[in-house]
Amino acid sequence: MEMIQKNSVLLLILAVVSTAYSQNKEVIRAGLIKSELTLSTSSMFAEKQSYFYTHGSLEGFVSPKISLSGECYYYLGTTGMAESTFRYNHSMFFGASRHFTSGNSDFYLGLQPGISMTRLNEGPNNLTDTHIGVNPLFSTVAGYNFYVNRFFHFFVQTRFIAGEHNFDEHKNLSEIRLSAGLGFNLNTIRAK
């Protein structure tokens, strides 16, 4: 968690320094498509475990204030020494976000329902056999983007997830995830 805090501070410093080099052209507008690929960490509330994911997203702006996005998380494992409760816990989300923009700064809030594909680990759950479960999820997302220019941006995002795994044994899937990094963007509609 300390490493994530240091990376977040570094991203914020880079965003402030890069302001001097940013172009004056409007970046955040209808037709903007952005993508991100990074590592994400999480803290699961019920299981008291932390997990790592590969996090990818694709987002399109329908107006300067509203966007639609799809996001995927691929489970990589636990961060601690204890054996993970889950063999895997992949998830996908789709939804809309409301953006509060000022220049190249973009704070946003969104709602994204999704699904998870989970499977329990036999050992820590004292089970002899487990099955794949597909579970509905609900999530809220909050984040910040700083568009350095028309081609890339820095971002930090946090997501709260609520859901349940009900296959083989009941497990609460509620967790909070944090992602940060460098993303790429492209305006598909010419500015007027």
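Now for a quick tour of the structure. Since we're looking at a predicted model, the values are computed, not measured.

**Considerations on empty space enclosed by the protein**
Empty space left among the atoms is revealed by rolling a probe the size of a water molecule over them.
Line of reasoning, step 1. Under the definition given, this model contains 2 cavities of 30 Å³ or more.
Line of reasoning, step 2. Within this model, the largest cavity holds a volume of roughly 40 Å³.
Line of reasoning, step 3. Lining the largest cavity are Glu-59, Ser-69, Glu-71, Ser-97, Tyr-108, Gln-112, Val-141 and Gln-157.
Line of reasoning, step 4. Taken together, the elements giving at least two residues each to the lining of the largest cavity come down to strand E3 (66-78) and strand E5 (105-120).
Line of reasoning, step 5. Along the lines of polarity and charge, the residues of the lining of the largest cavity split into 2 nonpolar, 4 polar and 2 charged.
Line of reasoning, step 6. As a volume, the second largest cavity reaches approximately 30 Å³.
Line of reasoning, step 7. Forming the walls of the second largest cavity are Asn-89, Ser-91, Ser-116, Leu-137, Ile-161, Leu-173, Glu-175 and Arg-177.
Line of reasoning, step 8. Listed by contribution, the elements that provide at least two residues to the lining of the second largest cavity are strand E4 (86-102) and strand E9 (175-187).
Line of reasoning, step 9. Its residues assigned to classes, the lining of the second largest cavity comprises 3 nonpolar, 3 polar and 2 charged.

**Brief notes about the pattern of salt bridges**
Line of reasoning, step 1. Enumeration over the complete set of coordinates arrives at 5 salt bridges.
Line of reasoning, step 2. The shortest N-O distance in the salt bridge between Glu-59 and Lys-34 comes to 3.0 Å. Highlighted residues: Glu-59 in strand E2 (residues 49-61) and Lys-34 in strand E1 (residues 32-44), separated in sequence by 25 residues. Like Glu-59, the residue Lys-34 is buried in the burial classification.
Line of reasoning, step 3. Across the pair Glu-175 and Arg-177 runs a salt bridge whose closest N-O atoms are separated by 2.7 Å.
Line of reasoning, step 4. One continuous salt-bridge network, built from bridges that share partners, spans Lys-34, Glu-36 and Glu-59.

**Observations regarding a nonpolar patch on the surface**
Line of reasoning, step 1. A cluster of nonpolar side chains, namely Met-92, Ile-115, Met-117, Ile-132 and Val-134, defines an oily patch on the protein surface of about 440 Å² accessible area.
Line of reasoning, step 2. In this fold, Val-134 is placed in strand E6 (residues 133-147).

**With respect to the nonpolar core**
Line of reasoning, step 1. Counting residues in each nonpolar core, the largest one holds 12 residues, listed as Met-44, Tyr-51, Tyr-53, Tyr-73, Tyr-75, Phe-86, Tyr-88, Phe-93, Leu-120, Leu-137, Ile-161 and Leu-173.
Line of reasoning, step 2. Those elements that provide at least two residues to this core are E2, E3 and E4.
Line of reasoning, step 3. Not counting residues up to four positions away in its chain, the partners in contact with Tyr-73 are Ser-40, Tyr-53, Thr-54, His-55, His-90, Ser-91, Phe-93, Gln-157, Arg-159, Arg-177 and Ser-179.
Line of reasoning, step 4. Among the nonpolar cores identified, the runner-up in size contains 5 residues, and Val-27, Leu-32, Phe-61 and Tyr-147 belong to it.

**A closer look at the layout of surface pockets**
Line of reasoning, step 1. Reported here for the second largest pocket is a volume of approximately 270 Å³.
Line of reasoning, step 2. What lines the second largest pocket is Lys-25, Glu-26, Arg-29, Arg-150, Phe-151, Leu-186, Asn-187, Thr-188, Ile-189, Arg-190 and Ala-191.
Line of reasoning, step 3. Along the lines of polarity and charge, the residues of the lining of the second largest pocket split into 4 nonpolar, 2 polar and 5 charged.

**Some thoughts on the environment of His-90**
Line of reasoning, step 1. Following the sequence through the fold, His-90 ends up in strand E4.
Line of reasoning, step 2. For the pair His-90 and Tyr-74, spaced 16 residues apart in sequence, the C-alpha separation works out to 4.9 Å.
Line of reasoning, step 3. Discounting residues that sit within four places of it in the chain, His-90 has contacts with Tyr-73, Tyr-74, Tyr-75, Ile-115, Ser-116 and Met-117.
Line of reasoning, step 4. In terms of polar contacts, His-90 uses its side chain to reach the backbone amide nitrogen of Tyr-75, at 3.0 Å.

**Some details on the side chain of Gln-49**
Line of reasoning, step 1. Here Gln-49 is to be found in strand E2.
Line of reasoning, step 2. When its relative accessible area of 12% is taken as the criterion, Gln-49 is described as buried.
Line of reasoning, step 3. With residues near it in sequence (within four places) discarded, Gln-49 still touches Ser-42, Ser-43, Met-44, Glu-83, Ser-84 and Thr-85.

Cut-offs applied
Residues numbered from 1 in each chain as written. Predicted model: local features only at pLDDT ≥ 70, side-chain atom pairs only at ≥ 80, totals over all residues. Heavy atoms only, no water. 1 Å grid on protein atoms, 1.4 Å probe; cavity = no way out; pocket = protein on both sides within 12 Å on 5 of 7 lines; lining within 4 Å. Points joined across faces, edges and corners; volume = space filled by probe spheres on them. Helix = DSSP H or I, 4+ residues; strand = E, 2+ residues; numbered from the N terminus. Nonpolar A, V, L, I, M, F, W, Y, C, P; charged D, E, K, R; others polar. Salt bridge = Lys/Arg side-chain N within 4 Å of Asp/Glu carboxyl O. Buried < 20%, exposed > 50% of the residue type's maximum accessible area, 1.4 Å probe, protein only. Patch = residues over 30% accessible without salt bridge, like charges linked within 9 Å, V, L, I, M, F, W, Y side chains within 5 Å. Areas by Shrake-Rupley, 256 points an atom, 1.4 Å probe, with all protein chains shown as cover. Core = buried A, V, L, I, M, F, W, Y, C linked by side-chain atoms within 4.5 Å. Contact = heavy atoms within 4.5 Å. Polar contact = N/O pair within 3.5 Å; in protein donor to acceptor, adjacent residues only side chain to side chain.

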